[in-house]
Amino acid sequence: MVDYNKAFETAVAAVKTEGRYRVFADIERQCGRFPTALYHPDNGEGSREITVWCSNDYLGMGQHPGVVDAMQKAASKVGAGAGGTRNIAGTTHYHVRLERALANLHKKEAALLFTSGYVANEATLATIARILPDCVIISDALNHASMIEGIRGGRSIKRIWRHNNLDHLEEILKEIPADRPKVIAFESVYSMDGDIAPLAEICALAEKYNAFTYLDEVHAVGLYGEHGAGVAERDGVLDRIDIVEGTLGKAFGVMGGYIAASAAIVDAIRSYASGFIFTTALSPVLAAGALASVEILERSNDLRQRHQERAARLKKILTEARFPLIESVSHIVPIKVGDPVQCKKVTDYLLEQHNIYVQPINYPTVPKGTERLRLTPTPLHTDAHMDVLLTALDDAWTALKIKRAA
Ligand SMILES: *Cc1c(COP(=O)(O)O)cnc(C)c1O
């Protein structure tokens, strides 16, 4: 007899043996108090205040009064849900306005909303492969799981280019016959290392070999460029990217995903992508909040500038204290631990002893042996927050005997 439950237990036991069993922290965010939140331990102890150092709400927009107000107003006006797929009663005025704003932001003719950035990548990449039969998708080695799944789902030929390695990318482009469709799929900010792709050089290669470009700007939209359109805006290459993909859930602080592209591309994805067609539209409340967030971040650079300044300061003080930082040119501050068990121990220690919340980043999110803490300073993390963090890290590194940088 098959013992079904046993099979699932064995699967979990394997993850536990490797030290990468994931434990979710029960957090209650408190509007207006970010990065402070309430933590509810699962051991029956009462809740307590913690400082969050690992949120992807990079600018605190999830609690911005303009965003929260827009959502409350929308809920009062039209209620909670969209009521259907986009095709069947689910296209509200909020969706239409948000898509227009996103198209404008990225200087494209059109944009298309999805229920998450994950779904946007998965659905769009799979559909590209259907529309361009026998295309070859050339995928950066560190692309996000949602892109990998989308490419797999499209069942086209996939070639992997070594992370951000232009020579290798060109080598692959050269090998593919000129008349064969080629899609280069990559990210701008890679969220675990904090490095940034050389967009202009990649675009130049795409133009030389007549390839199509698909860029995931999930960790850059709202954060880079004069209007928050991402690294492609900062680097002046918006018009050289065929499809930009982004999320409304990270810097924009709400939820949802999207692509922006030419009208023809968006119309085709809209017409063919299963992950767009057969699912209830985003709540209009979410669309209203996202629209407010996009507009606020389009108008002003203040939060973006303070964000970069905060990240630079954190990197500086951690480097001076000889913590083994993984070199990052972005707002992401990774500290290498290099072992999953040790990594989990550090984060448990920080939470238990110092009320500091950082989630351990383990395989398969990053390669084995590169387990790390991933700190995400926001404009709302003060010098005082940083000083407390530094003292706590010092204590953890000493107590757990972890190696410092040379
Ligand atoms: C988080 C993430 C996504 C998915 O976006 P969601 O809106 O969270 O689903 C896509 N790409 C990258 C690189 C990501 O880190």
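Residues numbered from 1 in each chain as written. Predicted model: local features only at pLDDT ≥ 70, side-chain atom pairs only at ≥ 80, totals over all residues. Heavy atoms only, no water.

A.B. asks: If you had to explain the overall build of the protein chain to someone new, which residues and values would you point to?
C.D. replies: For the protein chain, the helix and strand inventory stands at 15 helices and 14 strands. Relative to a compact globule of 406 residues, whose C-alpha radius of gyration would be 22 Å, the protein chain shows 22 Å and is just as compact. Based on the C-alpha atoms only, the size of the protein chain along its principal axes is roughly 60 × 60 × 55 Å. Burial statistics for the protein chain: of 406 residues in total, 53% are counted as buried. If you take every contact in the protein chain between residues at least 6 apart in sequence, the share linking residues at least 24 apart comes to 70%. (Helix = DSSP H or I, 4+ residues; strand = E, 2+ residues; numbered from the N terminus. Rg over C-alpha atoms; globule rule 2.2 N^0.38 Å. Buried < 20%, exposed > 50% of the residue type's maximum accessible area, 1.4 Å probe, protein only. Contact = heavy atoms within 4.5 Å.)

A.B. asks: How would you explain the pairing of strand β5 (residues 136-140) if you had to name every residue and give the values?
C.D. replies: A large share of β5 lies buried, amounting to five of its five residues. Going residue by residue along β5, you find Val 136, Ile 138 and Asp 140 tucked away on one face and Ile 137 and Ser 139 tucked away on the opposite face as well. As judged from the five bridges shared by β5 and strand β6 (residues 157-161), these two strands associate in the parallel manner. Within β6, the position partnered with Ser 139 by the bridge is Ile 160. In this fold, the crossover linking β5 to β6 by way of helix α6 (residues 145-154) has right-handed handedness. Across four bridges, β5 lies against strand β7 (residues 182-187) in parallel orientation. From the neighbouring strand, Ser 139 faces β7, where its bridge partner is Ala 185. (Pairing = 2+ DSSP bridges. Right-handed = clockwise from strand over helix to strand, strands pointing away.)

A.B. asks: Any chance you could break down the packing of aromatic side chains for me, citing the residues and the numbers?
C.D. replies: The tally for this structure, following the rule as stated, stands at two aromatic pairs. Between Phe 114 and Phe 276, the aromatic rings sit 5.7 Å apart at their centres with planes inclined by 75 degrees, giving edge-to-face as the arrangement. With Phe 114 in strand β4 (residues 110-114) and Phe 276 in helix α11 (residues 274-277), this residue pair connects regions lying 162 residues apart in the sequence. Given the relative accessible area of 3%, Phe 114 is considered buried. Taking the centre distance of 5.1 Å and the plane angle of 85 degrees together, the rings of Phe 323 and Trp 397 count as edge-to-face. One end of the pair, Phe 323, is in the loop between α13 (302-320) and β11 (333-336); the other, Trp 397, is in helix α15 (residues 383-399), with 74 residues separating them in the sequence. Across the pair, Trp 397 and Phe 323 agree in class, each one buried. The aromatic ring of Phe 323 is capped on one face by Arg 404, whose charged end is 4.8 Å from the ring centroid. (Phe/Tyr/Trp six-rings, centres within 6.5 Å; stacked < 30°, edge-to-face > 60°. Lys NZ or Arg CZ within 6 Å of the ring centre and 35° of its normal.)

A.B. asks: Before we move on, could you go through a nonpolar patch on the surface and cite the residues and values that matter?
C.D. replies: A cluster of nonpolar side chains, namely Val 2, Tyr 4 and Phe 8, defines an oily patch on the protein surface of about 400 Å² accessible area. Mapped onto the secondary structure, Phe 8 falls in helix α1 (residues 4-17). Under the relative-accessibility criterion, Phe 8 is labelled exposed at 60%. (Patch = residues over 30% accessible without salt bridge, like charges linked within 9 Å, V, L, I, M, F, W, Y side chains within 5 Å. Areas by Shrake-Rupley, 256 points an atom, 1.4 Å probe, with all protein chains shown as cover. Salt bridge = Lys/Arg side-chain N within 4 Å of Asp/Glu carboxyl O.)

A.B. asks: Please set out the site of the ligand residue by residue, giving values where relevant.
C.D. replies: Taken together, 13 residues are adjacent to the ligand, and Gly 117, Asp 216, His 219, Thr 247 and Lys 250 come closest. Note that an oxygen atom of the ligand is positioned 2.6 Å from one of the side-chain N or O atoms of Thr 247. In the complex, 83% of the free accessible area of the ligand, which totals 380 Å², lies under the protein chains. Top element by residues in the shell around the ligand is helix α5 (residues 117-131). It accounts for three residues. Residues belonging to the shell around the ligand are distributed by class as follows: two nonpolar, eight polar and three charged. (Near = heavy atom within 4 Å. Polar contact = N/O pair within 3.5 Å; in protein donor to acceptor, adjacent residues only side chain to side chain. Nonpolar A, V, L, I, M, F, W, Y, C, P; charged D, E, K, R; others polar.)

A.B. asks: Report on the nonpolar core, specifying residues and quantitative values.
C.D. replies: Counting 61 residues, the largest nonpolar core has Leu 102, Ile 138, Ile 184, Phe 186 and Leu 248 as its most contacted members. Not counting chain neighbours up to four residues away, the residues in contact with Phe 186 comprise Asp 140, Asn 143, Met 147, Trp 161, Ala 197, Leu 199, Ile 202, Thr 213, Tyr 214, Leu 215, Asp 216 and Ile 241. Val 52, Leu 351, Tyr 357 and Ile 402 belong to the second-largest nonpolar core, a separate cluster that totals 32 residues. (Core = buried A, V, L, I, M, F, W, Y, C linked by side-chain atoms within 4.5 Å.)

A.B. asks: Describe in detail the environment of Gln 308, supporting the description with residues and values.
C.D. replies: In this structure, Gln 308 sits in helix α13. Assessed through its relative accessible area of 27%, Gln 308 is described here as partly exposed. Remark: the alpha-carbon pair of Gln 308 and Gly 222, spanning 86 residues in sequence, is separated by 12 Å. Apart from residues no more than four positions distant in its own chain, Gln 308 is found in contact with Leu 223, Tyr 224 and His 331. At a separation of 3.1 Å, a polar atom in the side chain of Gln 308 contacts the side chain of Tyr 224.

A.B. asks: Which residues make up helix α12 (residues 284-299), and what values go with them?
C.D. replies: For α12, which comprises 16 residues, the first-to-last C-alpha distance of 23 Å matches the rise-based estimate of 22 Å (1.5 Å per residue) to within 8%. Among the 16 residues of α12, 13 are classified as buried, and the element is accordingly described as predominantly covered. Where α12 starts, the residue carrying a side-chain oxygen 3.0 Å from the main-chain nitrogen of Val 285 turns out to be Ser 283. (Expected span 1.5 Å × (residues − 1).)

A.B. asks: For the packing of helix α7 (residues 166-175) against helix α8 (residues 199-208), give the residues involved together with the corresponding values.
C.D. replies: Contact geometry for α7 and α8: axes closest at 11 Å, N-to-C directions at 15 degrees. Judged by the inter-axis angle, α7 sits roughly parallel to α8. Note that α7 runs across α8; the crossing there is right-handed. Contacts between α7 and α8 involve Leu 166, Leu 169, Glu 170 and Leu 173 from the former and Glu 201, Ile 202, Leu 205 and Lys 208 from the latter. For the contact of α7 with α8, the class distribution of residues is five nonpolar, no polar and three charged. (Axes fitted to C-alpha atoms, helices over the stretch in contact; angles between N-to-C directions. Parallel < 35°, antiparallel > 145°, perpendicular 65-115°, else oblique. Left-handed = near helix turned anticlockwise from the far one by under 90°.)

A.B. asks: With reference to specific residues and values, describe the side chain of Glu 233.
C.D. replies: Residue placement: Glu 233 occurs in helix α9 (residues 231-234). In this structure, Glu 233 is buried with no salt-bridge partner, the nearest side chain bearing the opposite charge being Lys 107 at 4.8 Å. Within polar-contact distance, the side chain of Glu 233 engages the side chain of His 227 at 2.7 Å. Excluding residues that lie within four positions of it along the chain, Glu 233 makes contacts with Tyr 224, Gly 225, Glu 226, His 227, Gly 228 and Leu 238. (Lys, Arg positive; Asp, Glu negative; His and termini not counted.)

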